[in-house]
Amino acid sequence: DAKTTQPNSMESNEEEPVHLPCNHSTISGTDYIHWYRQLPSQGPEYVIHGLTSNVNNRMASLAIAEDRKSSTLILHRATLRDAAVYYCILRAYNNAGNMLTFGGGTRLMVKP
Amino acid sequence: GAGVSQTPSNKVTEKGKYVELRCDPISGHTALYWYRQSLGQGPEFLIYFQGTGAADDSGLPNDRFFAVRPEGSVSTLKIQRTERGDSAVYLCASSLDPLEGSYNEQFFGPGTRLTVL
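Residues numbered from 1 in each chain as written. Chains lettered and ligands numbered in written order. Predicted model: local features only at pLDDT ≥ 70, side-chain atom pairs only at ≥ 80, totals over all residues. Heavy atoms only, no water.

Engineer: Explanation requested: the overall build of chain B in the structure shown.
Structural biologist: Secondary structure summary: chain B contains zero helices and 11 strands in total. Helices (α) and strands (β) of chain B occur, in sequence order from the N terminus, as β-β-β-β-β-β-β-β-β-β-β. Taken against the 2.2 N^0.38 rule, which gives 13 Å for 117 residues, the C-alpha radius of gyration of chain B at 14 Å falls within 12% of a compact globule. Projected onto its principal axes, the C-alpha positions of chain B cover 45 × 25 × 25 Å. (Helix = DSSP H or I, 4+ residues; strand = E, 2+ residues; numbered from the N terminus. Rg over C-alpha atoms; globule rule 2.2 N^0.38 Å.)

Printed below as a string of structure tokens:
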């Protein structure tokens, strides 16, 4: 699977929007972009995924660049509970059964 | 419904001992994954089961590590002759059948923290 690059950490104020960037310049045409997050002392949890079009769900929005070489996870109003490590992961469509390859992720800190 | 559960939550053992870590996946999930997470790093894949068989064990670091899933539900990760470097959080995840062609998210358990003294 292609590699992703994320900032090590980011800070946000509570109730403000957060934009978490991810670069994936070597993405291939069959790679889906996935985001998982890991709250302290818990296992990772799924956030959102997409292929080409922007995606919205109850947790977040995913904005995908037109060339697909980067994407941004958007939390519309950060809460203290959103403090976690956010992982951007590429996963080939034909590898639907295979593992997730985690990088270092972005540690999001939310200030009250 | 119940999520993925893992037991024990914490395990402390001595170097050279044998340990077993258990994972109870979500009912009806045919796919089961084991990952290992060292402090400050992202989870690292170990092994993937589809039903009872190991479909991909390429992440197991050496032959001291072994996992089984005899009835296609509960899985046990077994580590022989433990070493201090095996200390980590061992995470289990399950998902619906990923071979059906649609994306199936992985649901993770809380992990077992293994400490080898």
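Next comes the rest of the write-up.
Engineer: Looking at this structure, how should I read the state of the cysteines?
Structural biologist: Each disulfide consists of one covalent bond between the sulfur atoms belonging to two cysteines. All names here are of chain B. Counted according to the given criterion, the structure contains two disulfides over all chains. Cys23 shares a disulfide with Cys92; S-S distance 1.8 Å. Given an S-S torsion of about -65 degrees, the disulfide between Cys23 and Cys92 has left-handed geometry. Here Cys23, found in strand E3 (residues 19–24), pairs with Cys92, found in strand E9 (residues 88–95); they are 69 residues apart in sequence, far enough to count as distant. (Disulfide = S-S within 2.5 Å.)

Engineer: Could you clarify how one ought to interpret the interface of chain A and chain B in this entry?
Structural biologist: Tallying the contact residues gives 18 residues for chain A and 19 residues for chain B. A buried area of about 1500 Å², summed over both sides, lies between chain A and chain B, and 54% of it is on carbon and sulfur atoms. Taken together, chain A and chain B are joined by zero salt bridges. Breaking the side of chain A that touches chain B down by element, the ones donating at least two residues are strand E3 (31–38), strand E4 (45–50) and strand E8 (84–92) of chain A. Among the elements that line the side of chain A that touches chain B, the one with the most residues is E3(A), at three residues. Among the residues making up the side of chain A that touches chain B, the classes are represented as nine nonpolar, eight polar and one charged. (Contact = heavy atoms within 4.5 Å. Buried area = accessible area lost by both parts, 1.4 Å probe. Salt bridge = Lys/Arg side-chain N within 4 Å of Asp/Glu carboxyl O. Nonpolar A, V, L, I, M, F, W, Y, C, P; charged D, E, K, R; others polar.)

Engineer: Looking at this model, I keep getting lost on the environment of Ser95(B). Mind explaining?
Structural biologist: Residues and elements named next belong to chain B. Structurally, Ser95 is set in strand E9. Residue class for Ser95 comes out buried when judged on its relative accessible area of 0%. Separated by 70 residues in the primary sequence, Ser95 and Pro25 have C-alpha atoms spaced 8.4 Å apart. Non-local contacts of Ser95, meaning those with residues more than four positions away in its chain, are made with His29, Thr30, Ala31, Tyr33, Asn104, Glu105 and Gln106. (Buried < 20%, exposed > 50% of the residue type's maximum accessible area, 1.4 Å probe, protein only.)

Engineer: Looking at this structure, I do not really get the pairing of E3(B). What am I missing?
Structural biologist: Two faces belong to every sheet, and in a regular strand the side chains alternate between them. Residues and elements named next belong to chain B. Only one face of E3 is covered, namely the one carrying Val19, Leu21 and Cys23; the face carrying Glu20, Arg22 and Asp24 has none of its residues buried. As defined by bridge partners, strand E1 (residues 5–7) adjoins E3 across three bridges and the pair is classed as antiparallel. Residue pairing across strands places Gln6 opposite Cys23, the latter belonging to E3. In this structure, E3 lies alongside strand E8 (residues 75–79), joined through five bridges in antiparallel fashion. Within E8, the position partnered with Arg22 by the bridge is Thr76. (Pairing = 2+ DSSP bridges.)

Engineer: I would appreciate a short explanation of the packing of aromatic side chains in the present structure.
Structural biologist: Centre distance and the angle of the planes are the two values used to describe a pair of aromatic rings. Evaluated as defined, the whole model comprises 10 aromatic pairs over all chains. Both rings, one in Tyr36(A) and one in Phe108(B), keep their centres 6.2 Å apart while their planes meet at 80 degrees; by these two values the pair is edge-to-face. Residue Tyr36(A) is located in strand E3, and its partner Phe108(B) is located in strand E10 (residues 107–108); the two belong to separate chains. Tyr36(A) sits in the buried class, given a relative accessible area of 0%. A residue is classified by how much of its surface remains accessible, and Phe108(B), at 12% relative accessible area, is buried. Seen from their ring centres, Tyr33(B) and Tyr48(B) are 4.8 Å apart, and the 15 degrees between their planes marks the pair as stacked. Within this pair, whereas Tyr33(B) is found in strand E4 (residues 31–37), its partner Tyr48(B) is found in strand E5 (residues 44–50), the two being separated by 15 residues in sequence. For Tyr48(B), a relative accessible area of 4% puts it in the buried group. (Phe/Tyr/Trp six-rings, centres within 6.5 Å; stacked < 30°, edge-to-face > 60°.)

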